[in-house]
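Each chain, written out:
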Amino acid sequence: MTDNSDVSATGDSGDTSGEVETELSRDMSLFDITFIGVGAMIGAGVFALTGFAAGLAGPALTIAFLLNGFVAVFTAVSYAELGAAFPEAGGGYLWVKEALVDPNGFYAGWMSWFAHAVACSLYAVTFGVFLTEFLVYGGVLAEGFQLFGFLGRGLLDKVLAVLMVSLFAYINYRGAEETGKAGVIVTAIKVVILGIFVAFGILATVNTPNWPAKFLSSPRFAPNGAIGIIGAMGFTYIAFEGYEIIVQSGEEVVNPGKNIPKAVFYSLAIVVPIYILVAFAAIGGISVVPELAQRAGLAADAPTWQLLGNLGELGIIEAAGQFVPYGVPLLLIAGLTATMSALNATVYSSSRVSFAMGRDRALPGIFDRIHPEKRTPHWAILLSAILIIVMAVTLPIESVAASADIMFILLFVQVNWTVIKMRKTHPDLPRTFKVPYMPWPPLIGIVLQFLLTPFLLSALGMEIGLGPDSHGFIALVTTVLWMGLGIAVYYGYSQPKEEEKLEEETPTVATEQATAEERTEREQRILVPIANPESVQQLMRTALDLAEERNADIEVVSVVSVPQQTPLSEGRKFVSEERAVIDSAIEFAETEHPEVPVSGKIRIGHDVSEAILNTVEQDDADLVLMGWRGRSRRRDYVLGSNVDEVVKKARCDVLVERIGPSSDEESLGTVDSILLPTAGGAHAELAAEIARSIARQNNASVKVVHVLSGETAREKAESIIESTLADLEDLETTSEIIESGDITGAIVGETADHDLTVIGATREGLLQQLVFGAIPENVGERAKSTVIMAKRDLGITSRLKRWFKSRRS
């Protein structure tokens, strides 16, 4: 397995002029990736499967969930070690393919694809059930409805499931995504609503006379014995596949060696208690009322666990209706939110696995195709959606869940064996987390998971045996058929193709050591993100002037943006489009200021602003210089989404430059006169530093102005002017105090007489100062010449850094 996450290259073999690196942008923090795992584990499973599982284990469902957490830990440690060592998209499939002989690798991907697709069909069917129930509850549909004479509840559930899968497949094709923040919000909503459910359920339980009888004598704590408990464990084991989702996003995680293992364990520690408490609240809080008993086909004295089991996916909803205020709509809304979030995640993950297999020639090349405009694996998404729909339409929900459980169990067995094997085959692998007491934890995990499967099938067929109508039998047959189809695909297609496949790796060319040494001698680093080829020369002129004055090196960065649905590594296919911009910037720098070290970097990420912010942090940039095309049409952005985010979040000084409307090619970059509006403060001081640097390099004069609008006393204005002029004492300067009620208009009027205006961010209130403040932004929009807006980083880290550098110099 080759880690190509960081690739550097130069142009032609004879070109040693500049360094250009290609890197994947790691945007996800420990908090983000932990919530991804939590969201996956308390997705639709807790709403859809709790009722069914209660029917299998009885009151012992609480023990089943506790034991599931125990079993999951033995596989979680394997995922933690391998996920930290191989932080790449693909997860278990890539590890098994690397460590075990064929066809193990193929089957790991084949089972993972099917497991995610079947899990998605489970969530789709559950969504259909919940939405139908919501329409009935709201009076839109009557109980026992029959639309068009044939469309009853069961069929409508399936139709809605198909529509939702199609919708989310289209959303994934378009490249739209549930952002990290939105995912955290959705997960938080689910946790809060489940917390409300648990609180009211426990209150209802303890207020019930002789409530322990619901758990200990109904007819007993484990009415179906060990088979029921272990069967419930296997049936709900799909809920604990969150660590597979975590490692699938490994290439996007900041410091994956530490954060992936932490996220795996933190998510389990959060989720297992939630499941146990939900089970306790549901069984203890619900009461067997005649209406529900009749609907479930039970006697009035039936135990509550049996009522939940017969109500199936609606069990937890009906329980909430009894003891939570507005419980039915509240839980239905939470369930619909959870299923939609899970639907999006599993359409995404199933298409990613099939895409990875297509890339490895394990599946036909059509799976590997990226849409040229949307940059998404459109065929992998479409074919995965077809598989999801077929499973959702043809199988009962219990069989769907059992099929997914079996596939995940088999995949986890392979991963546990892989971690043992890799200790021998890859002894020098950089392991930031190691499974203790090897090989016992993964071996115990293998044994326990093998035990779950027969008990799962047995529990699902307990009432009528493993006959042709049993959900366990259907799940087993589905699994056998899929595995058989896999044999045909592997030996008929995959094996011959893998033998033909030539190893393709992105070349790595070392840069000259002299360049690296020269960069380390520089005191500062200026980061210049460039996307528009037309702004290259102007931004580089400014950056070079500043670099000369600040003894800084320059790093030019360009971002290749790919949708969330596309693995970051596939963004390398689009690198050439950005490489031309980087090359032109480096070539211009070598012509104008060959003594200034300039390097280039192409970041591949899902979000442009996050990629730039990551570069600021990881490369310890002191200053960011960005271009601005003009005010955004969107009201929720001030300058533009990417510029806004960088200006607000960058932990360094930020400059935003806009080329004036009157600038032409001949005058572009010529600076003879600089306008420096000032109102004092840290941002204005930075603006003065920038103006001084550019003026020195261009032998330009500087005019300092302060607009007196009645809010500032003249003495204070004169003091501000005098202080600013003191910082520019070695330059040709003039100054003026302008009295005007229109500060912006006065400054804009002055800009026509100067080649460049440098203005600091204002010190307005929080609600006014969205990015730079109203005055600098309006000046930047209306100015007749080029404008640079400056914003000082006022964080304590930045202040200490500047202090140490000043002491050192």
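The structure this text deals with has already been given above.
Residues numbered from 1 in each chain as written. Predicted model: local features only at pLDDT ≥ 70, side-chain atom pairs only at ≥ 80, totals over all residues. Heavy atoms only, no water.

**Some words on the overall build of the chain**
Just so we agree on the cut-off: Runs of H or I in DSSP of at least four residues are treated as helices and runs of E of at least two as strands, each being numbered from the N terminus. In this description, contact between two residues means that some pair of their heavy atoms is separated by no more than 4.5 Å. What sets the accessible areas is the Shrake-Rupley method with a 1.4 Å probe; for residues, cover comes only from the shown protein chains.
Each helix and strand counted, the chain has 30 helices and twelve strands in total. Intrachain contacts of the chain at a sequence separation of at least 6 include 81% that bridge at least 24 residues. Working note: accessible area of the chain is about 32800 Å², and carbon and sulfur atoms make up 57% of it.

**A closer look at the pattern of salt bridges**
Two side chains of opposite charge can pair, provided their charged atoms sit close to one another. The condition is simple: One side-chain nitrogen of Lys or Arg within 4 Å of one carboxyl oxygen of Asp or Glu is enough to make a salt bridge.
A complete count under the given rule lists 23 salt bridges for this structure. Here R579 ties to D583 by a salt bridge, and the two come within 2.7 Å at their closest N and O atoms. Taken together, the residues span about one helical turn, with R579 and D583 both in helix α23 (residues 575–592) at a distance of four residues. Across the salt bridge formed by E750 and K703, the nearest N and O atoms sit 3.0 Å from each other. Placement of E750 in helix α28 (residues 743–751) and of K703 in strand β9 (residues 701–708) is noted, with a sequence separation of 47 residues between them. Salt bridges here are not isolated pairs; linked through shared partners, they connect E133, E143, R153, R295 and E318.

**Observations regarding the side chain of T615**
Definition in use: Contacts described as polar in this section are N or O atom pairs within 3.5 Å, which, within protein, must combine one atom able to donate a hydrogen with one able to accept it, while residues neighboring in sequence count only if both atoms come from side chains.
Examined against the element boundaries, T615 turns out to sit in helix α24 (residues 608–618). In terms of polar contacts, T615 uses its side chain to reach the backbone carbonyl oxygen of A611, at 2.8 Å. What T615 contacts, discounting residues up to four positions off in sequence, is L527, E555, V557, K601, R603 and D620.

**Digging into the packing of aromatic side chains**
Rules: Here a pair means two rings of Phe, Tyr or Trp (six-membered ring of Trp) with centres within 6.5 Å. Their orientation is stacked below 30 degrees between planes, edge-to-face above 60, and tilted elsewhere. Buried residues are those whose accessible area, probed at 1.4 Å on protein chains only, stays under 20% of the maximum for their type, while exposed residues exceed 50% and partly exposed ones sit between those limits.
What the rule picks out here adds up to 23 aromatic pairs. Ring centres of F31 and F35 lie 4.6 Å apart, and the angle between their planes is 35 degrees; this geometry places the pair in the tilted category. Of this pair, F31 and F35 are both found in helix α1 (residues 30–41), four residues apart, which corresponds to roughly one turn of the helix. Between W211 and F280 the ring centres are 6.1 Å apart and the planes differ by 85 degrees, which places this aromatic pair in the edge-to-face class. Linking W211 in the loop between α8 (180–206) and α9 (213–216) with F280 in helix α12 (residues 256–285), this pair joins segments that are 69 residues apart in sequence. Classification of W211 as partly exposed rests on a relative accessible area of 27%.

**Brief notes about a nonpolar patch on the surface**
Selection criterion: Grouping into patches uses exposed residues only, defined as over 30% relative accessible area, and leaves out salt-bridged ones; the cut-off is 9 Å for like charges and 5 Å for nonpolar side chains (Val, Leu, Ile, Met, Phe, Trp, Tyr).
Among the surface-exposed residues, F148, F150, L155, V159 and L163 lie close enough to one another that they form a single nonpolar patch of about 540 Å² accessible area. Examined against the element boundaries, F148 turns out to sit in the loop between α6 (104–137) and α7 (153–174). Residue class for F148 comes out exposed when judged on its relative accessible area of 73%.

**Here's the deal with the environment of L331**
Mapped onto the elements of the fold, L331 is located in helix α16 (residues 327–359). Between the alpha carbons of L331 and F134 there is a distance of 10.0 Å; along the sequence they are 197 residues apart.

**Brief notes about the pairing of strand β8 (residues 673–677)**
Heads up, the rule is: In this analysis, strands are considered paired if DSSP registers two or more bridges between them. Here the term right-handed applies to a crossover when the path leading from its first strand over the helix to its second strand runs clockwise, the strands being oriented away from the viewer.
Here β8 lies mainly inside the structure; five of its five residues are buried. Every second residue of β8 is oriented toward a common face, with S673, L675 and P677 on one face and I674 and L676 on the other, all of them buried. The pairing of β8 with β9 spans five bridges and is classified as parallel. Along β9, the bridge assignment pairs P677 with V705. For the crossover from β8 across helix α26 (residues 682–698) to β9, the handedness is right-handed. Pairing analysis gives two bridges linking β8 to strand β11 (residues 756–760), with the strands arranged parallel. Residue L675 lies in a different strand from β11, and its bridge partner there is T757.

**A short note on unusual backbone geometry**
The omega torsion of the bond from M438 to P439 falls at 0 degrees, within 30 degrees of zero and hence cis. With respect to the helices, strands and loops of the structure, P439 is situated in the loop between α18 (397–425) and α19 (440–460). Positive phi, close to 50 degrees, is recorded for N255, a residue that is not glycine. Mapping N255 onto the fold places it in the loop between α11 (242–248) and α12. Despite not being glycine, Y437 has its phi angle at roughly 55 degrees, a positive value. Within the secondary structure layout, Y437 lies in the loop between α18 and α19. Using a relative accessible area of 70% as the deciding quantity, one classes Y437 as exposed.

**Some details on the side chain of T236**
As for its position among the elements, T236 is in helix α10 (residues 225–236). The exposure class assigned to T236 is buried, which follows from its relative accessible area of 2%. A polar atom in the side chain of T236 sits 2.8 Å from the backbone oxygen of A232. Those residues in contact with T236 that lie beyond four places of it in its chain are L49, A53, F65, N68 and D405.

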